[in-house]
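Spelled out from the first residue to the last, the chains are:
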Amino acid sequence: MAPFGPAAAASLLAGVCACLALPALPSTAWLWLAGLAGAWMWWRATAWRLPGPMLCGFALAGLHAGVALADRLPTVLEGADIVVTGRVVQLPEREPGRVRFRFRVDDDNRQLPPLKDKLLDLSWYEERWSRGASRDITPGSRWRLTLRLRAPRGLRNPGTIDTGKRALAEGIAATGYVRDPQSAARFAPAAGIDAWRHRMSARIAGTVSLPSHRFLQALALGDTRSLTDADWATLRASGLTHLIAISGFHVGLVAGFAALLAAAIWWLFPALGRRLPRMQAAAIAALLGASGYAAVAGFALPTVRTVLMIGLVVCARLLRRAQHMGDALALAAITTLLVDPLAVLSAGFWLSFAGVAWLLWCLPGSGERGWRATLRGFLGAQAVATIGLLPFTVILFGQASLAGPFANLLAIPWWSLVVVPLALFGTGMEWLHAGAGGWPWRFAAQAFDLAWPWFERIAASPLAFWWLPEPAWFALPLAILGGFWLLLPRGLPGKPLALLLWLPLLWPQRGLPAHGAAELVVLDVGQGLSVLVRSAGHALLFDMGPGQPEGFDAGASVVVPALHALGVRRLDAMVVSHADNDHSGGFGSVVAAFPPAIVFQPEGMEKSVAARAAPTRGPMRECTAGLHWSWDGVDFRFLHPPRWFPYMDNDSSCVLRIAAGGRVALLPGDIGKVVEEGLAKRQGDAIRADVVVLSHHGSRHSSTPAFVEATQARWALVSAGYSNRFGHPDGEVVARWRASGAEVPNTAETGAQRLLLDANGVTFMGERVRRRRLWDAAAACAAPTKGLAGRVILPPGIGSRGGACWNW
């Protein structure tokens, strides 16, 4: 085995993935031992060389992850007002009412030790008295800010983005917001490459009057801040997301242009060849051009991979050695993993390297020339990319675009050979002289607009999205094997059988309960509630979580992706328990994706502001006490509110009783003490249940002793946000339920909660337990750092919160 060939790269990648798949990291001593042993085997051994890169990858990934987790904000500092100085990095994202930006804290003795040189993900919320002040947040500017921070912690649900994993991959030590905007002080203006990108992006917007200028910003500078949700939806549905951001092909165009420019200069001035041969000068110019453009693009992973490959080819050219592209790709992968093994946590790593690897293996080049050979190569590359990357797309995003191959047939040549070169040429001209890039940018926008309407029609067609449930762990390797089999040379027998290997990926089991049983999925929506109830052939959604018109929408970000991942194809009913935003805010997004057959809500709720803001689609019916029905042997019955009950917000919540397999679950919404005691007094037998979702997220205004005693529940489920400002669930309420013999799991700790109710009893599983991840144990339980007095104001009662720790 070559020490830096494809086999070594695959072995190194396997070791990195094996380490990051563990639920917790091994001790530091074992990691160092594995790393030293692997390095010796990799460098000196011959017969045992293959395991060497694997051990090195395992150790490097563990050490990098350990440092990243140890660098996260200690829990003792969560909720405190902290003053820091530093600079804005990358491009800030401006949203209605706030600005999101990355902030690098200074590495000096004036900063708190846990925050020195740390990367923070911050938001600046614009209040009425400070509106417009955040406009000065520009890339490279230096600030003194008062912040309120917490360690990165995301929601855990099937099919949703794992923000904890993303924070680990990007090296984010804490998230938070600017606590006192009025005290913020800027003491240095914008500077650096990101500031140049920001200014150039503003020039594109100011020069090109067409709306498509936002796409030129993305294609030329990697600035996707102006793209709307509708733009991203169209790109995903048409399979063009990989083209809109700067890719390796764009870097190759710049490198090729730089090489041609250097060759032209050497041709005009032949005397230069005496100092440096023309071919070597062109190679060096290509590397410099690619590196500069990668810097302009913010060093996105596909651009880094391309720069590494170009650098390896250039080195081979300078040393006058032959370099196979497969070996160059392998060495680029090894370099990437050795420098940053946590890069495998990003989707870009897999799509970038896997796509190039498939193309190099399947299309080595026949040496033919002419337009027919070019067309055959292009169509072949499109087929290889579609088959080879489909398994990764499904695993990473839970979806596939059936229209993608057709859209790419036009988008790849048109955007890459017309739109992108014009956009890059305009950027270069603008860099040389202000105002000179206007006409290339305008031509590029007009060229883009010629094809975009066709892509929008494709995105709206039935072939656009194909949502797939979460597959089993073995589906990906089987699908890759099937793709390998399909792409083998023509004439190999049994190719149709390869399609069978795709079945676990494309048609996975949906895990539906048996007849007479029911499954409850309490989604982790933060401070809110959304519960999916499934029988053998029906699905009901009880509440949709919180949602703000210009902010976080649990319906779009959590509920809809989770329903897709769980294999829900339709909603037979939706229950809006009451109009509070934390229960109905995501209604509009869910209804748009899953139009329900019927919607239940309390009588009089349509008069509320929340209900008017989210108009329903489909038949409406009141959740009047006594209304009942049966699906697949599972009984559903509303217990509250009674007919003619006035709408009173929380106390008018729909209370739903579900009976399956001799077990009962109770969903009481946000009812308070008065309604609870009334139910316990008048319907004591009806509210007796095995599973209860705590009223009002476990607040002290609910879960009365009479109600707890009447239910006799063994599972009391809490749906609340981590460290929420309301203090839910209340400690006395939790103690009361536990004293009655109930388990009280909280979605803030368990993630989404899945319960199966059948004749065998109640089976519980939390998402953080079902899929343990080492970054879930990142709630650092650090003791108060010495020297905090006078620099950090700790609010009364702040202290170490419980949680899993990883000791570094």
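Use the structure listed above.
First things first, this report covers the structure right here in the doc. Because the structure is predicted, anything quoted here is derived from the model rather than measured.

### Overview of the overall build of the chain
Tallying secondary structure elements over the chain gives 27 helices and 23 strands in all. A fraction of 70% describes how many contacts in the chain between residues 6 or more apart in sequence connect residues 24 or more apart. Accessible surface for the chain amounts to roughly 37200 Å². Of this, 61% is attributable to carbon and sulfur atoms.

### Structural notes on the pattern of salt bridges
Applying the stated criterion across every chain, the model contains 22 salt bridges. Here E170 and R102 are joined by a salt bridge, their closest N and O atoms 2.7 Å apart. One end of the pair, E170, is in helix α4 (residues 163-170); the other, R102, is in strand β2 (residues 98-105), and 68 residues separate them in sequence. For D223, the salt bridge identified is with R225, shortest N-O distance 2.8 Å. You can call R225 partly exposed: its relative accessible area is 26%. Beyond isolated ion pairs, a larger network of salt bridges with shared partners links R100, R102, D121 and E170.

### Overview of empty space enclosed by the protein
Vacant regions in the atomic arrangement are exposed by a probe of water-molecule size rolled over the atoms. Taken as a whole, this structure holds one cavity of 30 Å³ or more when the rule is applied. For the largest cavity, the calculated volume is near 40 Å³.

### So, the state of the cysteines
Under the definition given, this model contains one disulfide. The disulfide that involves C623 links it to C654, with 2.0 Å between the sulfurs. Residues C623 and C654 are joined through a disulfide that is left-handed, its torsion about the S-S bond being -70 degrees. With C623 in the loop between β14 (620-622) and β15 (628-631) and C654 in the loop between β16 (634-640) and β17 (655-660), this residue pair connects regions lying 31 residues apart in the sequence. The two residues C623 and C654 agree in class, both being buried.

### A closer look at the environment of G741
Summarising the element assignment, G741 is placed in the loop between α25 (731-739) and α26 (747-750). Along the chain, G741 and S461 lie 280 residues apart, while their C-alpha atoms are 54 Å from each other.

### Quick look at the environment of P469
Locating P469 in the fold gives a position in the loop between β8 (466-467) and α17 (475-486). Residue P469 is classed as buried on the basis of its relative accessible area of 14%. When the C-alpha atoms of P469 and R569 are compared, they prove to be 9.8 Å apart, with 100 residues separating the residues in sequence.

### Observations concerning the pairing of β2
Among the eight residues that make up β2, six are buried, leaving the element largely enclosed by the rest of the structure. Note that strand β1 (residues 81-95) and β2 share seven bridges and pair antiparallel. Paired with V88 across the bridge in β2 is F103. One ladder, built from seven bridges, connects β2 with strand β3 (residues 119-125); its direction is antiparallel. Note that in β3 the partner of V99 across the bridge is W124.

### Digging into the packing of aromatic side chains
In the structure shown here, the tally under the stated rule is 24 aromatic pairs. Between W350 and F392, the ring centres sit 6.3 Å apart and the planes meet at 20 degrees, which makes this aromatic pair stacked. Here W350 is found in helix α13 (residues 347-362), whereas its partner F392 is found in helix α14 (residues 371-397), with 42 residues between them in sequence. Here the aromatic rings of W629 and F636 are separated by 5.3 Å at their centres, their planes lie at 5 degrees, and the arrangement is stacked.

### Section: the sheet that holds β14
As summarised here, the arrangement of the eight strands in space is β14-β13-β12-β11-β10-β9-β21-β22, forming an open sheet in which the pairing is mixed. Among the strands making up the open sheet, the edge pair consists of β14 and β22 (761-766). Shown here is a sheet whose adjacent strand axes are inclined to one another by a mean of 20 degrees, direction ignored. Both strand β21 (residues 753-758) and β22 contribute to a ladder of six bridges, which runs antiparallel. Note that in β22 the partner of Q753 across the bridge is G766.

### Details of the pairing of strand β11 (residues 539-542)
Of the two faces of β11, the one lined by A539 and L541 and the one lined by L540 and F542 are each fully buried. With four bridges joining them, strand β10 (residues 531-534) and β11 adopt antiparallel strand pairing. Residue pairing across strands places V533 opposite L540, the latter belonging to β11. Following β10, the chain reverses through four residues before pairing antiparallel with β11. The pairing of β11 with strand β12 (residues 573-575) spans three bridges and is classified as parallel. By the bridge assignment for β12, L540 is matched with A573.

### Describing a nonpolar patch on the surface
On the surface, a nonpolar cluster with roughly 770 Å² of combined accessible area is contributed by F257, L261, I265, W267, L268, F269 and L272. For I265, the position within the fold is in helix α9 (residues 248-268). With relative accessibility at 35%, the residue I265 sits in the partly exposed group.

### Structural notes on helix α19 (residues 554-565)
A rise of 1.5 Å per residue sets the reference length of α19, with its twelve residues, at 16 Å; its end C-alpha atoms lie 15 Å apart and thus fit the reference within 8%. Along α19, ten of the twelve residues are buried, which leaves the element largely enclosed by surrounding structure. Those residues of α19 that fall on the buried side of the exposure criterion are A554, G555, V558, V559, V560, P561, A562, L563, H564 and A565. The secondary structure elements touched by the buried residues of α19 are β8, β10, β11 and α21 (587-593). Regarding α19, its N-cap is D553, as a side-chain oxygen of that residue lies 2.9 Å from the backbone nitrogen of G555 further along. Just beyond α19, the residue with positive phi is G567, at close to 80 degrees.

### Thoughts on the environment of L532
Here L532 shows up in strand β10. On the basis of relative accessible area, L532 is assigned to the buried category, the value being 0%. Once the C-alpha coordinates of L532 and W42 are considered, the two residues, 490 residues apart in sequence, prove to be 51 Å apart. Setting aside its immediate chain neighbours within four residues, L532 contacts E519, L520, V521, A539, L540, L541, L563, L566, V568 and L571.

### Comments concerning the sheet that holds β16
Taken in spatial order, the six strands of this open sheet run β15-β16-β17-β18-β19-β20, and their pairing is mixed. In the strand order of this sheet, the two ends are held by β15 and β20 (715-717), each with one partner. The sheet shows a mean angle of 15 degrees between the axes of neighbouring strands, direction not considered. Looking at chain direction, strand β19 (residues 691-693) and β20 are connected through three bridges and run parallel. Bridged to V691 within β20 is W715.

Rules and cut-offs
Residues numbered from 1 in each chain as written. Predicted model: local features only at pLDDT ≥ 70, side-chain atom pairs only at ≥ 80, totals over all residues. Heavy atoms only, no water. Helix = DSSP H or I, 4+ residues; strand = E, 2+ residues; numbered from the N terminus. Contact = heavy atoms within 4.5 Å. Areas by Shrake-Rupley, 256 points an atom, 1.4 Å probe, with all protein chains shown as cover. Salt bridge = Lys/Arg side-chain N within 4 Å of Asp/Glu carboxyl O. Buried < 20%, exposed > 50% of the residue type's maximum accessible area, 1.4 Å probe, protein only. 1 Å grid on protein atoms, 1.4 Å probe; cavity = no way out; pocket = protein on both sides within 12 Å on 5 of 7 lines; lining within 4 Å. Points joined across faces, edges and corners; volume = space filled by probe spheres on them. Disulfide = S-S within 2.5 Å. Pairing = 2+ DSSP bridges. Phe/Tyr/Trp six-rings, centres within 6.5 Å; stacked < 30°, edge-to-face > 60°. Axes fitted to C-alpha atoms, helices over the stretch in contact; angles between N-to-C directions. Patch = residues over 30% accessible without salt bridge, like charges linked within 9 Å, V, L, I, M, F, W, Y side chains within 5 Å. Expected span 1.5 Å × (residues − 1). Polar contact = N/O pair within 3.5 Å; in protein donor to acceptor, adjacent residues only side chain to side chain.

By themselves these figures say nothing about function.
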